Amino acid sequence: MTAIVSTLKSLPFTQLRRNRYFYLWYDGFYAAVCATLLLAMYFSGHQPLIPVWDHRYWLLLPLACHAQILCSVYIHNATHNNFPRSVNRLVGELCGVVVLTRFASWEVIHQRHHRYSDDVEKDPHPVGPSYWRFLIDTIVNVERQLQKIYFDLYGESPETRRYEKNRAYVSYATNILLIATWYVFLGPLAFFLLFVPASVVGFFHLVHFNWSTHNAFSKDGDFKPVNLNHGYYRIGNWLWHGIYMHANHHKRAGMFNPAKMTPSLPITPPPSS
Ligand SMILES: [Zn+2]
Ligand SMILES: [Zn+2]
């Protein structure tokens, strides 16, 4: 019981620092939960959430996209312990299941982003002028960065390299189980027509957020956290708790809504002006 309470009150990166096998426990837990849910749905004759498609269901798609993006916003807030301590970890884990990456990798990588912002070597997603290049780099870099983080903590040796390789396979396998659980729970229609498109939109949005808020439009490559609040960004700030006020966020990460920071750091004007 005490172990559960202490898990719920600490963040994955803290646990990884204390336990070099943390990820195997973490992935093992998720793999067991997903396998149990899959078996339960199979034996109980679970029916798809949407058995027959009705065109009115398309109206749910913008809501599903909004929910995906909100889960990214909340997982980010959970990463910074911005929810009450008793539920913070739980919110992070639940959002991690929705955005599919799960909380641990999200949090571990994001802590590194704050520590090494805009360091070309060490920031997990250092910004460059091209959005599409940045998107590809982000996908390629995540696994490499997770391994680097492990080597920073436990040293790089043939043994740790082998461990990390196996850990990556266990993580991939667990993710496949998680996706399978969503698929069986939602059924093919809700999965392919709502969940998958919303997940893709959510991912593209997250990458665009990471890119634009580090001054990607700077003509002289002055990449750093900035506050954006013009045009669509203003709507984004209104919908998603001030996420584009990113200079404020890097200054005071403990604020749930960085738009409320006083005094605010300057707001960056649109690129053309
Ligand atoms: Zn940032
Ligand atoms: Zn952050």
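Below or above, wherever it landed, is the structure these notes cover. Please read all numbers here as calculations on a predicted model, not as lab measurements.

A short note on the coordination of the zinc ion (ligand 1)
Protein coordination of the zinc ion (ligand 1) is provided by His113 (NE2), His214 (NE2), His246 (NE2) and His250 (NE2), with donor distances spanning 2.0 to 2.2 Å. Each donor residue of the zinc ion (ligand 1) belongs to the same chain, and together they define the spacing H-x100-H-x31-H-x3-H. Here the zinc ion (ligand 1) and the zinc ion (ligand 2) are spaced 5.9 Å apart. Separated by 137 residues along the polypeptide, His113 in helix H6 (residues 103–115) and His250 in helix H10 (residues 246–251) bring together distant segments of the chain. Owing to a relative accessible area of 1%, His113 belongs among the buried residues under this scheme.

Considering the packing of aromatic side chains
Tallying each qualifying case throughout the model produces 27 aromatic pairs. Geometrically, the ring pair formed by Tyr23 and Tyr26 is edge-to-face, given 6.3 Å between the ring centres and 80 degrees between the ring planes. Separated by 3 residues within a single helix, Tyr23 and Tyr26 lie in helix H3 (residues 22–43), roughly one turn from each other. Tyr23 gets classed as buried once you look at its relative accessible area, which sits at 5%. Considering the side-chain rings of Trp182 and Phe185, the 6.3 Å spacing of their centres and the 65 degrees angle between planes classify their relative orientation as edge-to-face. Of the two residues, Trp182 and Phe185 both sit in helix H8 (residues 158–212), 3 residues apart, roughly one turn of that helix. Three or more aromatic residues joined by ring pairs make a cluster, and in this case those are Tyr131, Trp132, Phe203, Phe204, Trp211 and Phe217. Geometry around Phe13 places Arg17 over its ring, the cationic atom sitting 4.6 Å from the centre. Residue placement shows Arg167 over the ring face of Tyr23; its charged tip is 5.1 Å from the ring centre.

A short note on the nonpolar core
In this structure, Leu16, Tyr23, Val108, Trp240 and Tyr244 are the most contacted members of the largest nonpolar core, which totals 34 residues. Every element with two or more residues in this core is listed here: helix H2 (12–18), H3, helix H4 (60–79), H6, helix H7 (131–154) and H8. Broken down by element, the residue count for this core peaks at 6 residues, all from H4. By size, the runner-up hydrophobic cluster in this structure holds 11 residues, among which are Cys34, Trp182, Leu186 and Phe191.

With respect to a nonpolar patch on the surface
Judged by side-chain polarity, Trp132, Ile136, Ile139, Val140, Val200, Phe203 and Phe204 come together as a nonpolar surface patch covering roughly 660 Å² of accessible area. Elements that contribute at least two residues to the nonpolar patch include exactly H7 and H8. No other element matches the 4 residues that H7 contributes to the nonpolar patch. Considering the arrangement of structural elements, one finds Val200 in helix H8.

A look at the environment of Glu121
Residue placement: Glu121 occurs in the loop between H6 and H7. Along the sequence, Glu121 and Gln145 sit 24 residues apart, while their C-alpha atoms lie 9.9 Å from each other. Ignoring sequence-local partners within four residues, the contact set of Glu121 consists of Gln145 and Lys148.

What counts, and at which threshold
- Residues numbered from 1 in each chain as written.
- Chains lettered and ligands numbered in written order.
- Predicted model: local features only at pLDDT ≥ 70, side-chain atom pairs only at ≥ 80, totals over all residues.
- Heavy atoms only, no water.
- Donors = N, O, S within 2.8 Å, 3.2 Å for Na, K, Ca; no water.
- Helix = DSSP H or I, 4+ residues; strand = E, 2+ residues; numbered from the N terminus.
- Buried < 20%, exposed > 50% of the residue type's maximum accessible area, 1.4 Å probe, protein only.
- Phe/Tyr/Trp six-rings, centres within 6.5 Å; stacked < 30°, edge-to-face > 60°.
- Lys NZ or Arg CZ within 6 Å of the ring centre and 35° of its normal.
- Core = buried A, V, L, I, M, F, W, Y, C linked by side-chain atoms within 4.5 Å.
- Patch = residues over 30% accessible without salt bridge, like charges linked within 9 Å, V, L, I, M, F, W, Y side chains within 5 Å.
- Areas by Shrake-Rupley, 256 points an atom, 1.4 Å probe, with all protein chains shown as cover.
- Salt bridge = Lys/Arg side-chain N within 4 Å of Asp/Glu carboxyl O.
- Contact = heavy atoms within 4.5 Å.

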